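In case you want the letters, here they are:
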Amino acid sequence: HMFEDKCEHGICNSVSEPFDPMVANCDHDDHDHDHDHDHERCGCIAKEFGFVIDCNKPEVIQAAVDYLQDENCILESKNNKTSECIRNFYIFQAHHDFCAHDDLPAFNEIVFHAMEEHFDTCYIGRQYNPKLSMCPPVNCEDKEALKKAVDEMYEHCEAPANVTKADPTNDNDGL
């Protein structure tokens, strides 16, 4: 997310048509449901926590942000958050990642990035935008192409001051 604002000109579609994030295979029959939700599909999380992912409801997103701030949810340890803090963060995160970049007020972008490391996250792709081109295909085995893309990002997009350039060919850099 650190290049989100600075590289906005490079945003593209990773899906070829609109999709409903609430339609997700959420079959939990193959494991114990007492589990960590980190990187589970956001559509499944939404069903479990009783909310709908809808970019046309900014008041729902804002209510979640207000709750997170009013209840100081960021101060609770990651492993000891209340269920309402967790629920409201998932509402916020699912909409942040799914909806168009401009659907959230700029201040909420700042709030999200301050909070995201303090919560488990779910997975959801960005919604399809007919105004954008398709993203080029990615081959995760091609480390040279990844290195080239990262180099271009650092060359053409301004990184935040506290970010050092990672080497995508070095498995220890966390990319």
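This is a predicted model, so every value here is computed, not measured.

**A closer look at the nonpolar core**
Reasoning step 1: If you look at the biggest cluster of nonpolar residues, it comprises 16 residues, and the most contacted ones within it are Cys 42, Ile 45, Phe 51, Ile 53, Tyr 90 and Phe 98.
Reasoning step 2: When contributions to this core are tallied by element, the ones reaching two or more residues are α1 (42-49) and α3 (83-98).
Reasoning step 3: Residues within four places of Cys 42 in sequence aside, it is in contact with Ile 53, Gln 93, Ala 94, Cys 122, Tyr 123 and Ile 124.
Reasoning step 4: Core analysis: the second largest hydrophobic core is formed by twelve residues, Ile 61, Val 65, Val 111 and Met 115 among them.

**Concerning the confidence of the model for the protein**
Interpreting fine coordinate detail is not advised for predicted regions of low pLDDT.
Reasoning step 1: Residues of the protein with pLDDT of at least 70 account for 77%, and the chain-wide mean is 78.
Reasoning step 2: In the predicted structure, residues 29-35 sits below a pLDDT of 50 and forms four contacts with residues beyond four places in sequence or in another chain.
Reasoning step 3: A low-confidence stretch, residues 162-175 (pLDDT under 50), is modelled with 19 contacts involving residues beyond four sequence positions or located in other chains.

**A few points about the packing of helix α2 (residues 58-70) against α3**
Reasoning step 1: α3 packs onto α2 with a crossing angle of 135 degrees between their chain directions and a minimal axis gap of 9 Å. Relative to α3, the element α2 lies oblique. Crossing of α2 over α3 shows left-handed handedness. Contacts between α2 and α3 involve Val 60, Ile 61, Ala 63, Ala 64, Val 65, Tyr 67 and Leu 68 from the first element and Glu 84, Cys 85, Asn 88, Phe 89, Ile 91, Phe 92 and His 95 from the second.
Reasoning step 2: Of the residues contributing to the contact of α2 with α3, the split by class is eleven nonpolar, two polar and one charged.

Criteria and cut-off values
Residues numbered from 1 in each chain as written. Predicted model: local features only at pLDDT ≥ 70, side-chain atom pairs only at ≥ 80, totals over all residues. Heavy atoms only, no water. Core = buried A, V, L, I, M, F, W, Y, C linked by side-chain atoms within 4.5 Å. Buried < 20%, exposed > 50% of the residue type's maximum accessible area, 1.4 Å probe, protein only. Helix = DSSP H or I, 4+ residues; strand = E, 2+ residues; numbered from the N terminus. Contact = heavy atoms within 4.5 Å. pLDDT = per-residue confidence, 0-100. Axes fitted to C-alpha atoms, helices over the stretch in contact; angles between N-to-C directions. Parallel < 35°, antiparallel > 145°, perpendicular 65-115°, else oblique. Left-handed = near helix turned anticlockwise from the far one by under 90°. Nonpolar A, V, L, I, M, F, W, Y, C, P; charged D, E, K, R; others polar.

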